[in-house]
Amino acid sequence: DIQMTQSPSSLSASVGDRVTITCRASQGISNFLAWYQQKPGKVPQLLIYGASTLQSGVPSRFSGSGSQTDFTLTISSLQPEDVATYYCQKYNSAPYTFGQGTKLEIK
Amino acid sequence: QVQLQESGPGLVKPSETLSLTCTVSGGSISSYEWSWIRQPPGKGLEWIGYLHYSGNTNYNPSLKSQVTISVDTSKNQFSLKLSSVTAADTAVYYCAREWGGGANDLWGQGTLVTVSS
């Protein structure tokens, strides 16, 4: 099975900072990658699918890029409400494995 | 708008079968694929499997021997059965809709299932 590895596992940044989270697949998955945001005690929410397509209603400060094995989620200007754990998920073929998560905090 | 709601027992004994149902309201189940995902307390997300409304399924190989996902289109529901559970199966269980070929754009609120005697 293809493994998904996120880095870093945790991250602390200041309001207004540009933040980048990386997700690496152990084999190529084309652009079949999604990013989710899970705020504390809440349900995960889809941010990006197809590696770079912003889900409706998601703020434009979020963006995704990459293909095959290397992907990034970027927050252009960190806001206090972005405190959350972020997960990538591959869905080129089953199993639709998630990354282990990146916990983002405000410095 | 479309909403998902999980239901089922919150406590299951070890070695027994965990059974959950997801009710789809505000839309038809016969238009998408549907997933079950779980999250042990304090841990990350684990994909359990998906179901096409036609009844075709695909399961996580790590759980395949335990899992059955089925659909009842007449009730607009789909279900999860996980057999021979242990404490390691304690988790919040989410049902979700698949969008764009596999991403999950709509989630239920989740239901905590504890495996304990």
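Preceding block: the structure.
Worth saying up front: this structure is predicted, and the values here are computed from it rather than measured. (Residues numbered from 1 in each chain as written. Chains lettered and ligands numbered in written order. Predicted model: local features only at pLDDT ≥ 70, side-chain atom pairs only at ≥ 80, totals over all residues. Heavy atoms only, no water.)

(A) Expanded view of the nonpolar core. Among the nonpolar cores identified, the biggest contains 25 residues, and Leu18, Trp36, Val67, Phe78, Leu80 and Tyr93 of chain B are the most heavily contacted of them. Beyond its immediate stretch of four places on either side in the chain, Leu18 of chain B contacts Val12, Leu80, Lys81, Leu82, Val85, Tyr93 and Val113 of chain B. Ile2, Ile21, Phe62 and Leu78 of chain A belong to the second-largest nonpolar core, a separate cluster that totals 23 residues. (Core = buried A, V, L, I, M, F, W, Y, C linked by side-chain atoms within 4.5 Å. Buried < 20%, exposed > 50% of the residue type's maximum accessible area, 1.4 Å probe, protein only. Contact = heavy atoms within 4.5 Å.)

(B) Examining the interface of chain A and chain B more closely. Chain A puts 17 residues into the contact, and the matching count from chain B is 23 residues. Approximately 1600 Å² of surface area, both sides summed, lies buried where chain A meets chain B, with 64% of it carried by carbon and sulfur atoms. It is Val43, Tyr96 and Phe98 of chain A that lose the most area in chain A upon contact with chain B, and together they represent 34% of the buried surface on that side. The tally of links from chain A across to chain B stands at 0 salt bridges. Across the contact surface, chain A and chain B share 4 residue pairs in polar contact (both at pLDDT 80 or more). (Buried area = accessible area lost by both parts, 1.4 Å probe. Salt bridge = Lys/Arg side-chain N within 4 Å of Asp/Glu carboxyl O. Polar contact = N/O pair within 3.5 Å; in protein donor to acceptor, adjacent residues only side chain to side chain.)

(C) Structural context of the pattern of salt bridges. All names here are of chain A. Here the structure, examined in full by the defined rule, presents 7 salt bridges over all chains. Of the charged contacts in the structure, one is a salt bridge between Asp70 and Arg24, with a shortest N-O distance of 2.5 Å. In this pair, Asp70 is assigned in strand E8 (residues 70–75) and Arg24 in strand E3 (residues 19–25), connecting sequence segments 46 residues apart. A relative accessible area of 34% places Asp70 in the partly exposed class. The partner of Glu81 in a salt bridge is Arg61, and the shortest N-O contact between them spans 3.6 Å. With Glu81 in the loop between E8 and strand E9 (84–90) and Arg61 in the loop between strand E6 (53–54) and strand E7 (62–67), this pair connects stretches of sequence that are 20 residues apart. Residue classification places Glu81 among the partly exposed positions, given a relative accessible area of 42%. A relative accessible area of 18% places Arg61 in the buried class. One network of salt bridges, with partners in common, ties together Arg61, Glu81 and Asp82. (Helix = DSSP H or I, 4+ residues; strand = E, 2+ residues; numbered from the N terminus.)

(D) Just the packing of aromatic side chains, in detail. Residue and element names in this part refer to chain A. The final tally for this structure, using the stated rule, is 12 aromatic pairs over all chains. Pairing Phe32 with Tyr91 gives two aromatic rings, centres 5.8 Å apart and planes at 80 degrees, and the pair type is edge-to-face. Taken together, the positions of Phe32 in the loop between E3 and strand E4 (33–38) and Tyr91 in the loop between E9 and strand E10 (102–106) put the pair 59 residues apart, joining distant regions of the chain. Plain terms: the ring middles of Tyr36 and Phe98 are 5.9 Å apart, the flat faces sit at 55 degrees to each other, and that makes the pair tilted. (Phe/Tyr/Trp six-rings, centres within 6.5 Å; stacked < 30°, edge-to-face > 60°.)

(E) Layout of the environment of Tyr86 of chain A. All names here are of chain A. Looking at the element boundaries, Tyr86 is found in strand E9. Each C-alpha atom, one on Tyr86 and one on Ile48, is 11 Å from the other, the two residues being 38 residues apart in sequence. Discounting chain neighbours no more than four positions away, the residues touching Tyr86 are Gln6, Ile21, Tyr36, Gln37, Leu47, Phe62, Leu73, Ile75, Gly101, Thr102 and Leu104. For Tyr86, the side chain forms a polar contact with the main-chain oxygen of Asp82, separated by 2.7 Å.

(F) Structural context of the pairing of strand E7 (residues 67–72) of chain B. All names here are of chain B. Pairing analysis gives 6 bridges linking E7 to strand E8 (residues 77–82), with the strands arranged antiparallel. The residue of E8 that forms the bridge with Asp72 is Gln77. Two successive antiparallel strands, E7 and E8, enclose a turn made up of 4 residues, where Asn76 displays a positive phi of approximately 55 degrees. (Pairing = 2+ DSSP bridges.)

(G) Broad picture of unusual backbone geometry. Omega for the bond connecting Ser7 of chain A with Pro8 of chain A falls within 30 degrees of zero, at -5 degrees, which places this linkage in the cis form. When you line up the elements, Pro8 of chain A lands in the loop between strand E1 (4–7) and strand E2 (10–13). Look at the link from Ala94 of chain A to Pro95 of chain A: it is a cis peptide, with omega at 0 degrees. Tracing the sequence through the fold places Pro95 of chain A in the loop between E9 and E10. The phi dihedral of Asn76 of chain B is positive, around 55 degrees, even though this residue is not glycine. Along the polypeptide, Asn76 of chain B turns up in the loop between E7 and E8. You can call Asn76 of chain B buried: its relative accessible area is 16%. Of note in this structure, Ser84 of chain B is not a glycine but carries a positive phi near 50 degrees. Among the secondary structure elements, Ser84 of chain B is positioned in the loop between E8 and strand E9 (91–99).

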